[in-house]
Every structure is written in C-alpha cells, then in structure tokens.
Protein chains: 4
Amino acid sequence: MQSLQLVSRENHPEDTIVTVRGVAIGGDGFVAMAGPCAVESRDQLFESAEAVHKAGARVLRGDAFKPRTSPYSFQGLKEEGLQILAEAREEFDMPFIAEVLDPRDVELVASYADILRIGTRNMSNYSLLQEVGKTGKAVQLKRGFTATVEEWLAAAEYIATEGNPNILLVERGIRTFETSTRNTLDIAAVPVVRQASHLPVIVDPSHSGGRRELVAPLSRAAAAIGANGILVDVHPHPEDAKVDGAQALLPDEFAEMMGDIGRILEALGRA
Amino acid sequence: MQSLQLVSRENHPEDTIVTVRGVAIGGDGFVAMAGPCAVESRDQLFESAEAVHKAGARVLRGDAFKPRTSPYSFQGLKEEGLQILAEAREEFDMPFIAEVLDPRDVELVASYADILRIGTRNMSNYSLLQEVGKTGKAVQLKRGFTATVEEWLAAAEYIATEGNPNILLVERGIRTFETSTRNTLDIAAVPVVRQASHLPVIVDPSHSGGRRELVAPLSRAAAAIGANGILVDVHPHPEDAKVDGAQALLPDEFAEMMGDIGRILEALGRA
Amino acid sequence: MQSLQLVSRENHPEDTIVTVRGVAIGGDGFVAMAGPCAVESRDQLFESAEAVHKAGARVLRGDAFKPRTSPYSFQGLKEEGLQILAEAREEFDMPFIAEVLDPRDVELVASYADILRIGTRNMSNYSLLQEVGKTGKAVQLKRGFTATVEEWLAAAEYIATEGNPNILLVERGIRTFETSTRNTLDIAAVPVVRQASHLPVIVDPSHSGGRRELVAPLSRAAAAIGANGILVDVHPHPEDAKVDGAQALLPDEFAEMMGDIGRILEALGRA
Amino acid sequence: MQSLQLVSRENHPEDTIVTVRGVAIGGDGFVAMAGPCAVESRDQLFESAEAVHKAGARVLRGDAFKPRTSPYSFQGLKEEGLQILAEAREEFDMPFIAEVLDPRDVELVASYADILRIGTRNMSNYSLLQEVGKTGKAVQLKRGFTATVEEWLAAAEYIATEGNPNILLVERGIRTFETSTRNTLDIAAVPVVRQASHLPVIVDPSHSGGRRELVAPLSRAAAAIGANGILVDVHPHPEDAKVDGAQALLPDEFAEMMGDIGRILEALGRA
C-alpha cells in the first residue's frame, strides 16, 4: 500500500503496544473495552461500569458527544458526561474512551479522557485527525463505514505524522446491500491490517451487528481471528437506552461471553 | 423520510431558488459551475476561468483547501488560493465556490467565497455543517459517497436548522463494486431528491466518472433528468494538474458539451 | 479489458446493428421496447401492446417465464403466454422479446420469440448463454445486478463464441446500499460499454428505479447519454399486476415520455 | 423472513443434520471439507486428498465442471474428473462434493458425487435448484455473492420444495467496494442464518479471502462463531494450479490450521 510510511509494518516490523494507565493493548494481548454507547446519567454509567469491570473489561467506554444522523436526536451530555466518566475511572480503576467530534473540542475531551475516539463518520476529517494527533494521547480510529482498508490506514498516517504513534484501529463494519445486520463486519480486515501495519486492531461487534444476539458470536470470531480486543456496548437497561439499545448486551450476557473468549484465547496460547 | 422538516418538500412545496450575485439556482433553471479542481496558480485559474466563462458557465469552481487521502499529497494553496479566486471573480464577474474542511476555517473561507462547499468526506461532519449554516452563505452539500439519500437530506437539515436555507445538494457518485468508473453516479437520486425536497440538485460528472470521456455524456444525462446544474472540472492543461487531471475536461470539450446541454434544455422547454 | 475478443470494439470498430423483423437496433438509433412485465392474459397483453405501439414502441416485451425469488410466487403462463405474445406480434406488427430461464426451454422460447432475454439472475449461467448463442436469434443480455461491466461483456463473449453476434446489452441497475430505489441505475455504464464494445446498449428504467415516477426521468437520461433504446414496463392496470406493478407506467404516461425522448434525440441530431 | 416455510427455524426448531456416507454435518459438529479447487489430474487430486484426509478433513472437494468468467479459461475435466474423484473416495474413504452447472448435467454429476454444489453464480438459477432438489442428494448451496441472506434462504426453499431437506448453506463472501480481499466474508451471516433456519452453515474462507494467508484466520473465526464446517482449497503445488492457486493452502498449512480449530472447538465444548 502506497502512501503509508509511519503506520506500515514494512517500515516497523514489531507490533506497537499502546499502554494506557497500565493497560497494554496490542501484540498477543486481548483487551475488552465495554460500557454504554452514551453516558445518560451517573447511575446508568456506574451500574454499567461496575458490571463490565467485574466481568473482565479493562477499559470503559461511554460517549459524551454523540454524532447523530438527525439534528433532532439526543446529542450527548457533553462536559457533564465527561465528568461522570472521570469519576467512574477512579471508582473502578479503568481508563476510559470518549469520542470527539470537533477539532475545537479536542482539548476539552483530552483533558478528561484516556483514549480519544474518532468515529466512523469522521475517519476522513483530516483536521480532527491532526488535532488528536497533536495531543499525543491514545486514539481509537474507527474505520469509515465505506472506507477501504488502505484509506483507513492512510487516515491513521495523518495522526502518526503529528508525532503520535498511539493508535488503535477499530473495525466496525462496512456498508453493503445486506440488511439483516446494521453493517457487515469485515472480519478479514483484522488479518489484512495486522499484516500491513504494526498497529493494534480492535473489533466492534455492537455497531456492526446492530443486534444483541450477534454480539457474542462476533466477539468470539474476533478473538479467534487475532484481534487485539473488542469494543462492546453494554447497558443495564437497554430497553431504556437513549442510543442504540437494540445492540447493547446485558451485563450477564457480557460476563458469559467473556468466559468463552477467555477459553478461546487460552486454546490459541494467548491467555 | 422521517426526521426531515425544514428541507422536506412536504412542508415546503415550492422549489427553493438560491441566488448568488445575481445567479439564480433552482426551479427550472440549469447552471453550469466549472473550473479547475484545485487552484494551483493565478495563470492556471485565470486561463480556466476565462474559458469556462466564455462557454457559458455562470459560477467558478476552484479549491484552496483540498482534503487528500494521503497526508503527503498537495493540500491546496489555502488563503493565497482564495485571493486568486476573488480576483478572478472580479475579472470575469462570476461568483465562486470553495470547499471548507474545518469549522475553524469557515470564517476565513466565507470572507472570500460566495458559495461554501462541504465535500463528500465531510457530509456527516456535523460541527462543520452547523458552522456553515451560521454564516447564512450559500452552501453546496456533496453527498457522502456512501450516504443514503435520506442521510444526505438529514445532513442538509443540520444546515437548515441554523437558519440557513441556501443549500445546493450535489450528487457526485457513490461507492460500489464497479471499478470502471471512480464512483457510480446515482442519477436516479436527482428525481428522488427533487420529489422529497425543495432544494436544488446539482450533478458532479467529474468526480463520479473519474474519466474525461465520461463527463459530457453524464452532463447530458443530468440536464435531461432534471438536475438544476452541473459542477465540472475544467483544466487548460490537465496533464499537469496537481489533482484529478484525468477527469478534467479541456476548455474546448467543455464548450462543445455546453452546446449539447443547451439544445437538450430547449427541447424540454427549460431554455 | 482482457478476455474480450469478439465483443471488443478494439477488434471491431464499427457499431453492430441488430435487425429484428425490420427493426434496426444500434448505431445512432433509439428503439423503445415496452409492454407488461409478465403476460397475465390475452386482454391484458393486447391492451398494453396497442397502447405502446400507438405511442411509438417498436418492440413488445412481456414474459411467459418469470424467475421469482420465492418458489411460492407466480411463475408465468409459460407456453400459453408465448402463444399470446405471438398473436400480438401479428396484430401490431411488432417483434417481441421473452425471457428464457433454462437451457432446456431455449428451443421452445426461440420457436416463438424474436428476441431471447437472459435475465439479471442468469447473466453468469454459462450453459444458458451458450444455448441461446447456438440459436442465432437476437439475445438481450441483462447485466447481473452485481456484475462489473467487464464480467458483463465476458458473458456476452460466451454468446458470441457460439457464432451469434446479435447481442443487445441491457443495463438494469446494480445492487448498492441505497434503498430509495430498487437498484442503482449505473448510467455511466452506457458510455463505458459503448467505448469498450460495438454492441448496442439498452437501459431498463423500470427494474432499476422500481417506482413509476422515476421511469420517465431515467428514460430521458438514457436518451441523452447515448443509449440505443429503453426497455419499459407498461401496464394498463398496474394496481392489478401480478408482478412489479409499482414500477409499471400507465399507457398515457408512456406516450408523454416518448414525446420528450423524441425531442431530446432530435436536439442531439439522432432523430 | 417471509416466503420461507420449509427451511425456516420457526417451523422446524431442531437443527437439521445432513448425513453423507456416515459423515454427519450440522448441529454442534464441525466438518472440514477440503481439496483442490479443480481436479486437474489423478496425481494432483490423490496427493491433495491424502494430505487433507490425514489432517482431519472428512469430505473431499474437487470440481470437474468449472464456471469461468471468460469462455477462454479452463472449464474442468468434466466426466473424467468425476471418475478420478470417485476413485479417491474409495481410496481415502471420504465422500466428495462436486459442482453442477447445468440442469442437464445433474443426473451425470449425481451418479458420481455424494454432495452436489450449486455455485455462487447459480444461486438464483431456479431450474438448476429444482433439478438438484429432485435427486434427494445432499446439496451445498453457496450464497450468491450479492444475495441477501433472505434471498439465499429463499433459494434453499426452492430445493426443499422438491422434497429434499439435505441442504448445506455455504457463506463465501459478498461483493463490496473493498479490494484487499476477493470478496468480503460476511461472518455475521453464520449466526443470522442459524437463527433463521435449521440448516447447517459452512464457511468458505478460500473464495472469500482470495489469499492464502487469510485462510487460517478466517477458518478460526468460522469455528469460533458457530459454523458447522469449512470448505477449503488445498493444493499440493498451488503455483501450478489451473484455477485459484493464490488462495490454496499447502497441505502443511492446512494441518496446522486444523490443530488450532480443534482446540477452539474443544474450548467451546464442541469437540
């Protein structure tokens, strides 16, 4: 793949390990990152965080800024949400990820979050990529839902050229003609990217499948194919979720799934 | 289509006409917007502008900020490019369009350009949509290359909710499995959008086809199907173009095409 | 494009003209082919045929064998349908097209029909392609709804290698993520194919758009871009149609559209 | 999903187990089916068959009729190939699968093969589906590379309505815009289909990935997600293969992969 220099495995054969508050992501490891899609209240977040922490998640997810197709949908709690996430971080000793949507908000979000996320709609928002690159903080870069792998890696190159090598790539499904899932998880992208790049690759089974019952099977596939982790929506009361409740696992389902994943990793010598 | 209010034809049956420096876009009219993909120098822009003006284009295109897949590609002349465009506007009495990529640049670009363009990669960059909405200036909103028509109109709604009704929608091709063209021009989107919305719809035959020899046929189709205009790359020396030379028409080809389009519009009573 | 020999324009620069019962298809000409999607009864077919004949269609369409996604849907009148079509041919002096689905039915269908159609689902049914190739009869080859242009031309090559050069290519839309139309009409395929091959190219606005109100706009685009004809569903009582009523034009709408198309062709010197 | 009756899990809650010469496919089991893409010679097939048998494959693959995009490509050894496959069956005590392309060949292929395969290009070739349905033999039905899951199941319904319940569904990748793989393996289709239908689901990692190094990772994912088996190209000398050598595993790679799969199945209690 042309135009890739810093993120290319050819130029950097060893796996990059991104370490965030003691949690190492990359190489042979596998890290579960979980929590509600959006922070809605302190109670909702803490209930989720406690459950996913207990079941083995090492990183907390929960967004305070939500990009929504319609201007009339819930847009997130903003700074108040970040404050709640920061409290949960202390309570459960888990670093947290939060999405950032606007270059002007990068400083604010980076002052709270441990990992900044660039969402699928912003994969080619080059100003935003450069701005998160400048912070030096760990960045989760979601694949654009119609980006090729090559374009996705070129977007990572934008972050890396700002001097920031702490990039986590997230495969979250691409847009196809199939309608039985929200997006089509391109599971082959995991080995394709791991061959082309030294960066860790995470799978998001929630936004790809779009249905609760697909999350555990897709997560098992992610573990078996060699992903470095998963990013999972978990909600204690999905029927009341303001965003994407249909794809959120219940805490018990998450715990059961984590057991299967542990056994798969052990079977493959990655425990 | 749900979640559409301001841009929906149901709520606003009459066609919106966007008028920019005396050029009316929308309704039964058809406006050619043309020029080089990127401003590279004063000479290059003036040569293009003179040619397209002479052949009947009413609006000048030419970008000063270019979103590029690779961070190592030419990124545009920035403010210097906008100054050259502003000079050409006076010389040829044509309003000009320029792309804006970052909410922090909106004020700058809006201080020069007559029409602000949101490119395909930024269709779902909601901060940017809101920022251009606030300027009140005419906005060209390109369809995301994997957006549905419904998502495209919802993005227009983000601009409209800021109080800005001066929106031009640009169909520029979607991503499919076909490789003989750069993107697949979704020509049916023109009547679909004109039925669903009162906003003008423009076709970009250059970025969809991606090949010089397809631009004239696609432009004729756009005129015949009922588009309100076209947005065309024209370059006096495409072999030297820094961006997208393969799809730029030569000035003579543009003039010949404009003749055919005029005859089609006349045949349909839209002259 | 590799692997193309007989259908390649490089090896055969002149346009192929396919002549069927005195109707010449190809070159600068434009032929409307119209009628109901499926023959349902003698009355229904004759009413359609009379209307489309009067409005300027030169070839009658109407299928007797229907490929249906579900085994429980109406599958066509079979030989009885072919007999009705043959009667209509005499009554209105129009050659007719009929789809053939099975290599074992080719002899039967060819004993009635003037043009054999290979539907989109069978574009890569090589046994069927070879069998229709052997008849020497004119063949309409629809593009597979997920075939590339190159694969479509390679399928035509299968017919041509049997010694049959009488091939009409039909662009009928491809499958994409867009849901506001049944398929996405790849209008650029018309000039792409006409450049790569000497064979005539027809556009099917009915199966691509899938909605009545899109048929006239798409047909105008087809005429303007340089197609050699259109293939249109027309039904006198679409609300009662057994197949695809939502996309069938009423006879009056068809006549009005034919007027516009005539004016576009005249404007382009193709009258 | 409408229009599904016989293949729907709602109407038939228990898993279907298809048994072929003592090999049971379906339920909690996992069966590896492997061999060369095409039979090229007795030596080539026997060498492959011996290797895959030794490594734990239970069903032999190897085609005698090949559907090729170009009429000028190798089309298979036909009956001679079937005879070689039948000999290998006796030698290694493995049932074999062979593709059938034409309804007129069904009787011939069924007189040799244990499992008939309908390839991706023929998923909607309803005559062929009905003909294989009539034989009562086990049928592998590949998903059309642009079929939705619902259409794929409806195609299975065509086989089932002929009284044949012995259907194995094969997910082999769908066509998308991504070019780093041959097709995009829709791994989520495995749980989606297993929820909607009682039929076994097999994954083809070779035709989806299209590259040797992706076959083992994709096969591990298939085992972990709950597929009932895999269908893998293995060739002793892929550099000399007449068809699809780039995606064929070497025998040693296949054996190593089978070890990993065994450990994953055991970890999930499916050993």
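Not measured: the values here are computed from a predicted model.

As for the overall build of chain A
Thinking step 1. When helices and strands are tallied, chain A shows nine helices and 10 strands.
Thinking step 2. Computed over its C-alpha atoms, the radius of gyration of chain A comes to 17 Å, within 12% of the 18 Å expected for a compact globule of 271 residues.
Thinking step 3. Overall, chain A is about 45 × 45 × 40 Å in size when its C-alpha atoms are taken along their principal axes.
Thinking step 4. Taken across its 271 residues, chain A has 63% of its residues classed as buried.
Thinking step 5. Long-range pairs, those at least 24 residues apart, make up 67% of the contacts in chain A with a sequence separation of at least 6.

With respect to unusual backbone geometry
All names here are of chain B.
Thinking step 1. The phi torsion at Arg21 lies on the positive side, around 50°, for a residue other than glycine.
Thinking step 2. The residue Arg21 is located in the loop between strand S1 (18-20) and strand S2 (23-25) in this model.
Thinking step 3. Assessed through the 14 C-beta atoms surrounding it within 10 Å, Arg21 is described here as partly exposed.
Thinking step 4. With a phi angle near 55°, Asp93 is a residue other than glycine that sits in the positive phi range.
Thinking step 5. Topologically, Asp93 is positioned in the loop between helix H2 (79-92) and strand S5 (96-99).

Section: the relation of the copies chain A and chain D
Thinking step 1. With an axial shift of 0.0 Å and an RMSD of 0.0 Å, the rotation relating chain A to chain D amounts to 180°. Read as a symmetry element, the transformation amounts to a two-fold axis. When each C-alpha of chain A is compared by its distance to the rotation axis, Ala221 of chain A comes out closest, at 2.1 Å.
Thinking step 2. With an isologous cut-off of 70% or more, the 100% of interface residues of chain A that recur at the interface of chain D puts this contact in the isologous class.

Brief notes about the environment of Glu91 of chain B
Residues and elements named next belong to chain B.
Thinking step 1. Position of Glu91 among the secondary structure elements: in helix H2.
Thinking step 2. Given 13 C-beta atoms within a 10 Å radius, Glu91 is considered partly exposed.
Thinking step 3. Taking C-alpha positions, Glu91 is 31 Å from Ile159, a pair spaced 68 residues apart along the chain.

Focus: the packing of helix H8 (residues 212-225) of chain D against helix H9 (residues 251-267) of chain D
Residues and elements named next belong to chain D.
Thinking step 1. As a packed pair, H8 and H9 sit with axes 9 Å apart at the nearest point and diverge in direction by 25°. Judged by the angle between their axes, H8 and H9 are roughly parallel. Handedness of the H8/H9 crossing: right-handed. Where H8 abuts H9, its residues Ala216, Ser219, Arg220, Ala223 and Ala224 lie against Glu253, Met257, Asp260, Ile261, Ile264 and Leu265.
Thinking step 2. Of the residues in the contact of H8 with H9, the class split is seven nonpolar, one polar and three charged.

Overview of the interface of chain A and chain D
Thinking step 1. Contacts between the two partners involve 36 residues from chain A, matched on the other side by 36 residues from chain D.
Thinking step 2. Of all elements in the fold, only helix H6 (189-196), helix H7 (205-209), helix H8 (212-225) and helix H9 (251-267) of chain A reach the threshold of two or more residues within the side of chain A that touches chain D.
Thinking step 3. Partitioned by chemical class, the residues of the side of chain A that touches chain D number 18 nonpolar, 11 polar and seven charged.

A look at the interface of chain A and chain B
Thinking step 1. Taken together, the contacts link 24 residues of chain A with 24 residues of chain B.
Thinking step 2. When contributions to the side of chain A that touches chain B are tallied by element, the ones reaching two or more residues are helix H4 (126-135) and helix H5 (149-160) of chain A.
Thinking step 3. When residues of the side of chain A that touches chain B are assigned to their parent elements, the largest contribution, four residues, is made by H5 of chain A.
Thinking step 4. A class-by-class count of the residues in the side of chain A that touches chain B yields nine nonpolar, nine polar and six charged.

Concerning the relation of the copies chain A and chain B
Thinking step 1. Once chain A has been moved 0.0 Å along the axis and rotated by 180°, it coincides with chain B to within an RMSD of 0.0 Å.
Thinking step 2. A high fraction, 100%, of the interface residues of chain A reappear at the interface in chain B, so the copies pair face to face through one surface.

Regarding the sheet that holds strand S8 (residues 167-171) of chain C
Residue and element names in this part refer to chain C.
Thinking step 1. Within the closed barrel, the eight strands sit side by side as S3-S4-S5-S6-S7-S8-S9-S10. Their pairing is parallel. Sheet twist, expressed as the average angle between the axes of neighbouring strands with direction ignored, equals 30°.
Thinking step 2. In this structure, strand S6 (residues 115-118) lies alongside strand S7 (residues 138-142), joined through four bridges in parallel fashion. From the neighbouring strand, Ile118 faces S7, where its bridge partner is Leu141.
Thinking step 3. Where helix H4 (residues 126-135) meets the sheet, it contacts S6 and S7, and its direction lies at approximately 170° from that of S6.

Notes on helix H4 (residues 126-135) of chain D
Along an α-helix, residues three or four apart share an orientation, since each turn contains 3.6 residues.
Residues and elements named next belong to chain D.
Thinking step 1. Counting buried residues in H4 gives eight out of 10 residues, a clear majority hidden from the surface.
Thinking step 2. For H4, the full list of buried residues reads Tyr126, Ser127, Leu128, Leu129, Glu131, Val132, Gly133 and Thr135.
Thinking step 3. One or two residues past the end of H4 sits Gly136, with phi positive at roughly 75°.

Here we look at the environment of Leu45 of chain D
Residues and elements named next belong to chain D.
Thinking step 1. Relative to the elements of secondary structure, Leu45 occurs in helix H1 (residues 42-54).
Thinking step 2. We classify Leu45 as buried; it has 25 C-beta atoms within 10 Å.
Thinking step 3. The sequence separation of Leu45 and Leu85 amounts to 40 residues, and the corresponding C-alpha distance is 7.6 Å.
Thinking step 4. In this structure, Leu45 is in contact with Pro36, Val39, Gly62, Ile84, Leu85 and Ala88, ignoring residues within four places of it in sequence.

As for the pairing of strand S6 (residues 115-118) of chain A
Residue and element names in this part refer to chain A.
Thinking step 1. Across the two faces of S6 the burial is the same, with Ile115 and Arg117 and Leu116 and Ile118 all buried.
Thinking step 2. As judged from the three bridges shared by strand S5 (residues 96-99) and S6, these two strands associate in the parallel manner. Following the sheet pairing, Ile97 is matched in S6 by Ile115.
Thinking step 3. With respect to chirality, the unit in which S5 leads through helix H3 (residues 106-112) into the neighbouring parallel S6 is right-handed.
Thinking step 4. Between the parallel elements S6 and strand S7 (residues 138-142), the chain passes through H4 in a crossover that is right-handed.

Things to note about the sheet that holds S6 of chain A
All names here are of chain A.
Thinking step 1. Ordered by their spatial adjacency, eight strands build a closed barrel running S3-S4-S5-S6-S7-S8-S9-S10, and the pairing between neighbours is parallel. The average undirected angle you get between the axes of adjacent strands in this sheet is 30°.
Thinking step 2. When strand S4 (residues 59-61) meets S5, the two strands line up parallel, connected through two bridges. Directly across from Leu60, in S5, lies its bridge partner Phe96.
Thinking step 3. Strands S7 and strand S8 (167-171) of the sheet are contacted by H5, whose axis makes an angle of about 160° with S8.

A word on the confidence of the model for chain A
Any residue range with low pLDDT should be treated as having predicted coordinates unsuitable for detailed reading.
Thinking step 1. On average, chain A scores 95 in pLDDT, and the residues at 70 or more come to 99%.
Thinking step 2. Both confidence scores are given for the complex: pTM 0.95, ipTM 0.96.

Brief notes about the pairing of strand S3 (residues 31-35) of chain B
Residues and elements named next belong to chain B.
Thinking step 1. With five of its five residues buried, S3 lies for the most part within the structure.
Thinking step 2. Bridge count for S3 against strand S10 (residues 229-233) is five bridges, and the pairing is parallel. Across the sheet, residue Ala34 finds its bridge partner in S10, namely Val232.
Thinking step 3. With respect to chirality, the unit in which S3 leads through helix H1 (residues 42-54) into the neighbouring parallel strand S4 (residues 59-61) is right-handed.

What to know about H1 of chain D
All names here are of chain D.
Thinking step 1. With 13 residues, H1 should reach 18 Å at 1.5 Å per residue; the first-to-last C-alpha distance of 18 Å fits that figure.
Thinking step 2. Those residues of H1 not exposed but buried are Gln44, Leu45, Ser48, Ala49, Ala51 and Val52. In an axial view of H1, the angular spread of the buried residues amounts to 170°, which keeps them on one side of the axis.
Thinking step 3. In this fold, the buried residues of H1 make contact with strand S3 (31-35), strand S4 (59-61), helix H2 (79-92) and H9.
Thinking step 4. Gly56 lies just past H1 and shows a positive phi near 110°.

A short note on the environment of Ile230 of chain A
All names here are of chain A.
Thinking step 1. Along the polypeptide, Ile230 turns up in strand S10 (residues 229-233).
Thinking step 2. Considering only alpha carbons, one finds Ile230 and Asn164, 66 residues apart in sequence, at a separation of 22 Å.
Thinking step 3. The residues contacting Ile230, other than those within four sequence positions of it, are Ala32, Met33, Ile202, Val203, Pro205, Ser219 and Ala222.

Procedures and definitions
- Residues numbered from 1 in each chain as written.
- Chains lettered and ligands numbered in written order.
- Predicted model: local features only at pLDDT ≥ 70, side-chain atom pairs only at ≥ 80, totals over all residues.
- Helix = DSSP H or I, 4+ residues; strand = E, 2+ residues; numbered from the N terminus.
- Rg over C-alpha atoms; globule rule 2.2 N^0.38 Å.
- Buried ≥ 20, exposed ≤ 12 C-beta atoms within 10 Å, placed from the backbone.
- Contact = placed C-beta atoms within 7 Å.
- Least-squares fit on C-alpha atoms with pLDDT ≥ 70 in both.
- Axes fitted to C-alpha atoms, helices over the stretch in contact; angles between N-to-C directions.
- Parallel < 35°, antiparallel > 145°, perpendicular 65-115°, else oblique.
- Left-handed = near helix turned anticlockwise from the far one by under 90°.
- Nonpolar A, V, L, I, M, F, W, Y, C, P; charged D, E, K, R; others polar.
- Pairing = 2+ DSSP bridges.
- Right-handed = clockwise from strand over helix to strand, strands pointing away.
- pLDDT = per-residue confidence, 0-100.
- Expected span 1.5 Å × (residues − 1).
- Arc of directions from axis to C-beta.

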